[in-house]
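Structural overview
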Amino acid sequence: MRFATPLIPGRLVRRYKRFLADVVLEDGSETTVHVANSGAMLGLDAPGSRVWLSRATNLARKLPLSWELVEADFGSGPELVGVNTMHPNLLVAEAIAAGAVPALAGYGRLRREVKYGLSSRIDIQLEDEARPLCLVEVKNVHLMRTPSYAEFPDCVTARGAKHLDELGAEADKGNRAVMVYLSQIGSARTIGLARDLDPAYGRAFDRARARGVEAIGLVCQINPEGIEVADIIPMTG
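Just so it is clear, the structure is predicted and the values come from calculations on it, not from any experiment. Throughout this document, residue positions are counted from 1 along each chain, in the order its sequence is written. Local features in this predicted model are restricted to residues whose pLDDT is 70 or higher, and side-chain atom pairs enter the listing and the counts only when it is 80 or higher, whereas totals over whole chains, interfaces and linings include all residues. The basis for every side-chain value is the complete set of non-hydrogen atoms in the structure, without hydrogens or water.

**Quick word on helix H3 (residues 199–210)**
The α-helix advances 3.6 residues per turn, and as a result positions three or four apart in sequence lie on the same side. What counts, and what does not: Secondary structure elements are defined from DSSP: runs of H or I of at least 4 residues count as helices, runs of E of at least 2 residues count as strands, and each element is numbered from the N terminus. What a helix should span is 1.5 Å times the count of its residues minus one. Only protein chains enter the accessibility calculation, which uses a 1.4 Å probe; a residue whose area is less than 20% of its type maximum is buried, one above 50% is exposed, and one in between is partly exposed. By definition, the arc is the one covered by directions from the helix axis to the C-beta atoms. Pairs of residues are marked as contacts when any of their non-hydrogen atoms sit within 4.5 Å.
Helix length check: H3, at twelve residues, gives a terminal C-alpha distance of 17 Å against a target of 16 Å (1.5 Å per residue), a fit within 8%. Three or more residues of H3 are buried, namely Tyr201, Gly202, Ala204, Phe205 and Ala208. Taken end-on, H3 shows its buried residues confined to a sector of 160°, consistent with a single buried face. Close packing links the buried residues of H3 with strand E9 (134–141), strand E11 (149–152), helix H2 (158–172), strand E12 (176–183), strand E13 (190–193) and strand E14 (214–223). Where H3 ends, the next residue or the one after it, Gly212, has phi of about 105°, a positive value.

Okay, structure coming up:
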């Protein structure tokens with residue numbers, strides 16, 4: 001995934017109301033930007049952090065700038081982290097289409113945002129006449145409290161637990177159900193669950209795994225020009 005236009009550098013003043021942040025641009029002006037991330041963003045929203053913003057192509061948008069990247073140091077030196085949670089579905093879809101995720105290769109058709117269950121949409125649905133339907137739910141991972149070890153979630157997510165139970169129900173039907181955890185921290189070498197931050201999610205994960213739901217960890221390579229899936233990394237419970 002390439003950014004449509006060059007990113008705009010700045011310094012974070014503060015993040016507030018989850019979806020808003022104030023940023024000082026290089027010319028000294030201060031502006032409010034959109035934050036496409038409903039999580040706690042632990043360790044990523046320190047005032048003064050270097051950030052990079054994208055400009056919307058929709059001129060009618062109230063906030064034309066969106067927060068894309070932040071520079072953070074998790075113990076092995078400064079690195080760029082992707083904070084926009086609107087990107088992971090596209091990144092994983094691109095990786096699957098390119099054959100970069102062998103466990104999800106070989107399907108004849110990939111569709112996104114497909115309705116399933118009672119009132120839900122699956123992020124990616126893989127279809128092939130010779131294989132069971134494969135439903136893929138993608139989660140963005142941007143929490144790191146120990147060097148190289150990324151964690152999900154970074155706050156309580158009842159919606160995330162619901163997704164796990166729904167995927168378990170699909171596995172019960174004989175469909176293939178897969179959770180993909182995508183780290184937008186490039187130094188991650190393993191992804192695990194932050195069970196202390198959301199014990200209910202941990203229990204839902206265990207229930208889903210017992211019903212046959214698979215878990216795949218992926219890590220991104222990030223720079224101001226774009227983001228792409230770089231490698232498959234181990235998932236731990």
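**Some remarks on the pairing of strand E8 (residues 120–127)**
For clarity, the threshold we go by: Two strands form a pair only when DSSP identifies at least two bridges running between them.
Taking burial as the measure, the eight residues of E8 include seven buried ones, the bulk of the element. Hairpin connection from strand E7 (residues 109–116) to E8: three residues lie between these consecutive antiparallel strands, with Gly117 at a positive phi of about 65°. As paired elements, E8 and E9 share three bridges and run antiparallel to each other. Each residue of the ladder has a partner; that of Leu126, found in E9, is Cys134. The turn linking E8 back onto E9 is made up of six residues.

**A short note on the packing of H2 against H3**
Our working definition: Here, axes are lines fitted to C-alpha atoms. For helices the fit covers the stretch in contact, and angles between N-to-C directions go from 0 to 180 degrees. Note that the term roughly parallel is reserved for angles under 35 degrees, roughly antiparallel for angles over 145, roughly perpendicular for angles of 65 to 115, and oblique for everything else.
The contact between H2 and H3 brings their axes to 9 Å, and the two run at 10°. With respect to their mutual orientation, H2 and H3 come out roughly parallel. Two secondary-structure elements touch here, H2 through Gly160, Ala161, Leu164 and Asp165 and H3 through Tyr201, Ala204, Phe205, Arg207 and Ala208.

**A look at unusual backbone geometry**
In this structure, the amide linkage connecting Phe152 to the following residue, Pro153, adopts the cis form with an omega of -5°. The topology assignment puts Pro153 in the loop between E11 and H2. The backbone phi angle of Arg18 is positive, close to 65°, even though this residue is not glycine. Positive phi values are uncommon outside glycine, yet Glu113 reaches one of about 55°. Within the secondary structure, Glu113 is located in strand E7.

**Some remarks on the sheet that holds E13**
What the three strands build is an open sheet, ordered E10-E11-E13; its pairing is mixed. Each edge of the sheet is formed by a strand with only one pairing partner; in this case those strands are strand E10 (143–146) and E13. Neighbour to neighbour, the strand axes of the sheet diverge by 40° on average, direction disregarded. Relative to E13, E11 runs parallel, the two sharing four bridges.

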